[in-house]
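Okay, here's what each chain looks like letter by letter:
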Amino acid sequence: MITRTTTAPDGATLGWYSIGSGPGLLILHGAMESAVSHRELAEALSDQFTVHLLDRRGRGLSGPYPAPGVPQSEVDDVRAVLAATETSQVFGVSSGAIVALEAAAFVKKAAIFEPPIFSSAAVPAAALARLDASLAAGEVVDALVTGMLAAEMGPAFLRRVPRPVLRSLTALGVRADARRAGVDGHVPMGELGRLLHYDFALSAQASGQFDRYAGITAEVLLLNGTRSPAYLRESVASLARVLPSARHVQLDGLDHGASGNADRRGKPGVVASVLRDFFG
């Protein structure tokens, strides 16, 4: 993979990795991820596409979010990278899928995987308030626990574990993960946890407003795993109702981590096959 950069409208650096040859495809990762979280998916697609793995703001190759880091800045970032790479296709995962929906006016094809758009903004707004309080107090581990619980990530039994125990387990994970910092572009959990504000702000802004996407004219593929949390499956179903011409594919037996690398229990080969059919 080669590294490339461009400049965002606010002057910040935007960096990404590129691999392959053929038509361009920009991949937007989700929360608690960075560009290299989809390295194996990019490799699987590189025989047919030039795949661009963008580090969203605050991660790896890219500069910080502008204060106050409103979601519009991410749309501007995507537009700048699309122009720099001469790309008109995008695949967005989780919060990255919300960015892809918001930026759909600038692409010909958009694949959307499980955006965390709730039926009401109350749930992400409450989580945002709690994690912001934790981050303001320097309690990144507590913010990580809030994010995990609100997004219903991990096994269901974790949501029955007392919060102090979850904090202790998460702290152990953060310390272990920190040892990989900088290896092959890895961004550690502790750094990603500080960025959760922006992912939940995207979710809170978009939730309860599915109709705002009804005017999308790009060709759209909607994707979800059959084992993903119910609210994510319902999010995709709601988008399918407002985008009746969109293709909707359910990935049998897969969950919210489907598109990620295999060491995070992803199935990049399966997802690559579906994307190759849509973007090809």
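Quick caveat, the model's predicted, so the values are computed rather than measured.

Trainee: Explain the overall build of the protein to me, please; I cannot follow it from the model alone.
Mentor: Each helix and strand in the protein was counted, giving ten helices and eight strands. A globule of 280 residues ought to have a C-alpha radius of gyration of about 19 Å, and the protein, at 17 Å, matches this closely. Taken over 280 residues, the protein has a buried fraction of 55%. Put simply, of all contacts in the protein between residues at least 6 apart along the chain, 71% involve residues at least 24 apart. Just so you have it, the protein exposes about 11,800 Å², and 52% of that area is on carbon and sulfur atoms. Positive and negative side-chain charges in the protein, numbering 26 and 27 respectively, have mean positions lying 4 Å apart.

Trainee: Help me understand the sheet that holds strand β3 (residues 24-28), please; the structure alone is not making it clear to me.
Mentor: Paired through backbone hydrogen bonds, the strands of a sheet run either parallel or antiparallel to each other. Ordered by their spatial adjacency, eight strands build an open sheet running β1-β2-β4-β3-β5-β6-β7-β8, and the pairing between neighbours is mixed. In the strand order of this sheet, the two ends are held by β1 (2-7) and β8 (247-251), each with one partner. Across the sheet, the axes of successive neighbouring strands diverge by a mean angle of 20 degrees, strand direction being ignored. Summarising the sheet, strand β5 (residues 89-93) and strand β6 (residues 109-113) pair through five bridges and their orientation is parallel. Bridged to Q89 within β6 is K109. Here helix α3 (residues 95-102) sits on the sheet and contacts β3, β5 and β6; the angle it forms with β5, its principal contact strand, is near 145 degrees.

Trainee: Mind showing me how you'd approach the environment of V99 here?
Mentor: Mapped onto the elements of the fold, V99 is located in helix α3. The exposure class of V99 is buried, given its relative accessible area of 1%. As a C-alpha pair, V99 and V78 span 21 residues in sequence and 8.1 Å in three-dimensional space.

Trainee: In this structure, what is going on with the pairing of strand β2 (residues 13-20)? I would like to understand it.
Mentor: Looking along a regular strand, one sees side chains alternate from face to face of the sheet. For β2, a buried count of six out of eight residues is recorded, marking the element as mostly surrounded by other parts of the structure. Where β1 folds back onto β2 in an antiparallel hairpin, the turn is made up of five residues, including G11, whose phi is positive at roughly 95 degrees. Note that β2 and strand β4 (residues 50-54) share five bridges and pair antiparallel. Residue pairing across strands places Y17 opposite L53, the latter belonging to β4.

Trainee: Any chance you could explain the pattern of salt bridges here in plain terms?
Mentor: Pairing is possible between side chains that carry opposite charge, provided their charged atoms lie close to one another. Tallying each qualifying case throughout the model produces twelve salt bridges. Of the charged contacts, one joins D47 and R276 as a salt bridge, the two residues approaching to 3.5 Å between their closest N and O atoms. Separated by 229 residues along the polypeptide, D47 in the loop between α1 (39-45) and β4 and R276 in helix α10 (residues 268-279) bring together distant segments of the chain. Among the residues examined, R276 registers a relative accessible area of 24% and is labelled partly exposed. Salt-bridge contacts for R57 lead to D77; the nearest nitrogen and oxygen are separated by 2.8 Å. Within this pair, whereas R57 is found in the loop between β4 and α2 (72-85), its partner D77 is found in helix α2, the two being separated by 20 residues in sequence.

Trainee: Sorry if this is basic, but what is going on with the nonpolar core here?
Mentor: Most often, soluble globular proteins keep nonpolar side chains buried together rather than apart. L26, L28, I112, Y213, I216 and L239 are the most contacted members of the largest nonpolar core, which has 37 residues in total. Looking at this core, the elements that each hand over two or more residues are β2, β3, α2, α3, β6, α8 (196-206), β7 (219-225) and α9 (230-242). Once you skip the residues sitting within four places of it in the chain, L239 turns out to touch L101, I112, P115, F210, Y213 and L222. Of all hydrophobic cores here, the second largest spans 27 residues; its members include L53, V93, L251 and A258.

Trainee: Any chance you could explain the packing of aromatic side chains here in plain terms?
Mentor: Note on aromatic pairs: each is described by the distance of the centres and the angle between the planes. Per the counting criterion, the structure on display carries four aromatic pairs. Aromatic pair Y65 and Y198: ring centres 3.7 Å apart, planes at 5 degrees, arrangement stacked. Taken together, the residues Y65 in the loop between β4 and α2 and Y198 in helix α8 connect sequence positions 133 residues apart. Judged by relative accessible area, Y65 falls into the buried class, the value being 10%. On the accessibility criterion, Y198 (19% relative accessible area) is buried. Within the aromatic cluster, the residues linked to one another by ring pairs are F49, F278 and F279.

Criteria and cut-off values
Residues numbered from 1 in each chain as written. Predicted model: local features only at pLDDT ≥ 70, side-chain atom pairs only at ≥ 80, totals over all residues. Heavy atoms only, no water. Helix = DSSP H or I, 4+ residues; strand = E, 2+ residues; numbered from the N terminus. Rg over C-alpha atoms; globule rule 2.2 N^0.38 Å. Buried < 20%, exposed > 50% of the residue type's maximum accessible area, 1.4 Å probe, protein only. Contact = heavy atoms within 4.5 Å. Areas by Shrake-Rupley, 256 points an atom, 1.4 Å probe, with all protein chains shown as cover. Lys, Arg positive; Asp, Glu negative; His and termini not counted. Charge placed at Lys NZ, Arg CZ, Asp CG, Glu CD. Pairing = 2+ DSSP bridges. Axes fitted to C-alpha atoms, helices over the stretch in contact; angles between N-to-C directions. Salt bridge = Lys/Arg side-chain N within 4 Å of Asp/Glu carboxyl O. Core = buried A, V, L, I, M, F, W, Y, C linked by side-chain atoms within 4.5 Å. Phe/Tyr/Trp six-rings, centres within 6.5 Å; stacked < 30°, edge-to-face > 60°.

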